[in-house]
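Below, each chain spelled out in residue letters.
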Amino acid sequence: MTDHLVAVVLAAGAGRRLRPLTRLLPKSLCPVGGVPLLDQALARAFSVTTAVAVNAHHQRTRLAAHVEERWPGVHLSVEEPEALGTAGALGHLRDWIDGRPVLVLNADAWHRADVGALVGGWDGARARLLTVSDPARGTWGDRRYIGAAVLPWEHVRPLPDAPAGLWEVSWRHLTPGADLDLVPHDGPFFDCGTPADYLAANLTSSGGHTVVGHGAVVEGEARESVVWSGARVERAERLWRAVRATDGVTVLVR
């Protein structure tokens, strides 16, 4: 590992499409396979560098408490009064980044890609993006970005400290093969932005089995479902393709 490369985990989003789950937890703290998405992204980041930052805005107090308790070495970048987007988050961290290249990871992206390989094969000059084949939603032909990128300082330095997206201010001006590398990932990927994708990520992580969190009680039946820590499925209940977050919040995915 090194601190010549920094990593920024993007975790400031509101997760509106994932409500009502994100009324209970920030999207990045929603668990997949029993582990918060943020913790999985931070573990990837720390596999390649010792210099890691997380941005926070929505439910920032709860997110900050989680980071301070479990990841005391992480630099927390609080965005106020508004979230700054993917480009603005990096612009806001310009002084902390301080001329170094950046590994950018979306906290809500679930996959098993090796970010060490993404970084290790990088030429240091071109933006390098992890992508999957998605003919219906591809940005570059059939290639779709899946929330992991390595950016040289020259691409980061001009980014604004204001709300902006990396696609709008940077990536749409780049040409694959010239100043942009699109790295293929052939494994599963879910952005966990909707209940359907969130459930799919959990079931993929478990091999299709119901995921039961620590301290959850399942007395009834729960098939192809997620039961959060502390939640309960009563003896007379039959859950199928559902997320039981608390005793009062259950999301059905059909």
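The rules behind these values
- Residues numbered from 1 in each chain as written.
- Predicted model: local features only at pLDDT ≥ 70, side-chain atom pairs only at ≥ 80, totals over all residues.
- Heavy atoms only, no water.
- Helix = DSSP H or I, 4+ residues; strand = E, 2+ residues; numbered from the N terminus.
- Rg over C-alpha atoms; globule rule 2.2 N^0.38 Å.
- Contact = heavy atoms within 4.5 Å.
- Areas by Shrake-Rupley, 256 points an atom, 1.4 Å probe, with all protein chains shown as cover.
- Lys, Arg positive; Asp, Glu negative; His and termini not counted.
- Charge placed at Lys NZ, Arg CZ, Asp CG, Glu CD.
- Polar contact = N/O pair within 3.5 Å; in protein donor to acceptor, adjacent residues only side chain to side chain.
- Buried < 20%, exposed > 50% of the residue type's maximum accessible area, 1.4 Å probe, protein only.
- pLDDT = per-residue confidence, 0-100.
- Core = buried A, V, L, I, M, F, W, Y, C linked by side-chain atoms within 4.5 Å.
- Expected span 1.5 Å × (residues − 1).

1. Brief notes about the overall build of the chain
Here is step 1: Along the chain, the regular secondary structure elements total 9 helices and 19 strands.
Here is step 2: In terms of overall size, the chain behaves like a compact globule, its C-alpha atoms giving a radius of gyration of 19 Å where 254 residues would be expected to give roughly 18 Å.
Here is step 3: Principal-axis analysis of the C-alpha atoms gives the chain an extent of 60 × 40 × 30 Å.
Here is step 4: Within the chain, residue pairs in contact and separated by at least 24 positions form 62% of the contacts whose partners lie at least 6 positions apart.
Here is step 5: Accessible area for the chain stands at about 11400 Å²; split by element, carbon and sulfur atoms hold 49% of it.
Here is step 6: Here the chain contributes 26 positively and 28 negatively charged side chains, and the mean placements of these two sets differ by 6 Å.

2. Side note on the side chain of N55
Here is step 1: On the secondary structure map, N55 appears in strand β4 (residues 49-56).
Here is step 2: Only 2.6 Å separates the side chain of N55 from the backbone nitrogen of A11, close enough to count as a polar contact.
Here is step 3: Filtering out sequence-adjacent residues up to four positions away, N55 remains in contact with V9, L10, A11, A12, S77, E79 and A89.

3. Quick word on the environment of Y198
Here is step 1: Following the sequence through the fold, Y198 ends up in helix α9 (residues 195-206).
Here is step 2: Residue classification places Y198 among the buried positions, given a relative accessible area of 0%.
Here is step 3: The contacts of Y198, once residues within four sequence positions are left out, are L18, L21, C30, P31, V32, C192, V226, W228 and V243.

4. Describing unusual backbone geometry
Here is step 1: The residue after R19, namely P20, is reached through a cis peptide bond having omega 10 degrees.
Here is step 2: As for its position among the elements, P20 is in the loop between β1 (2-10) and α1 (21-24).
Here is step 3: The amide bond that connects E80 to the next residue, P81, takes the cis arrangement and shows omega of 5 degrees.
Here is step 4: Topologically, P81 is positioned in the loop between β5 (75-78) and α4 (85-92).
Here is step 5: Residues other than glycine seldom take positive phi values, yet D98 does so here, at roughly 55 degrees.
Here is step 6: Position of D98 among the secondary structure elements: in the loop between α5 (94-97) and β6 (102-106).

5. Considering the confidence of the model for the chain
Here is step 1: Summarising the model, the chain shows a mean pLDDT of 95, and 99% of its residues fall at 70 or more.
Here is step 2: Looking across the chain, the model is least confident in β1, with a mean pLDDT of 88, and most confident in β6, with 98.

6. Regarding the nonpolar core
Here is step 1: Counting 53 residues, the largest nonpolar core has V9, L38, L103, Y198 and W228 as the members making the most contacts within it.
Here is step 2: With 5 residues, the single largest contributor to this core is helix α2 (residues 37-46).
Here is step 3: Dropping the residues within four chain positions of it, V9 is found in contact with L38, A41, L42, A45, A53, V54, N55, L105 and A107.

7. Focus: α9
Here is step 1: An ideal rise of 1.5 Å per residue puts 16 Å on 12 residues; α9 measures up with 17 Å between its terminal C-alpha atoms.
Here is step 2: Restricting attention to buried positions, one finds in α9 the residues P195, Y198, L199, A201, N202 and L203.
Here is step 3: One or two residues past the end of α9 sits G207, with phi positive at roughly 75 degrees.

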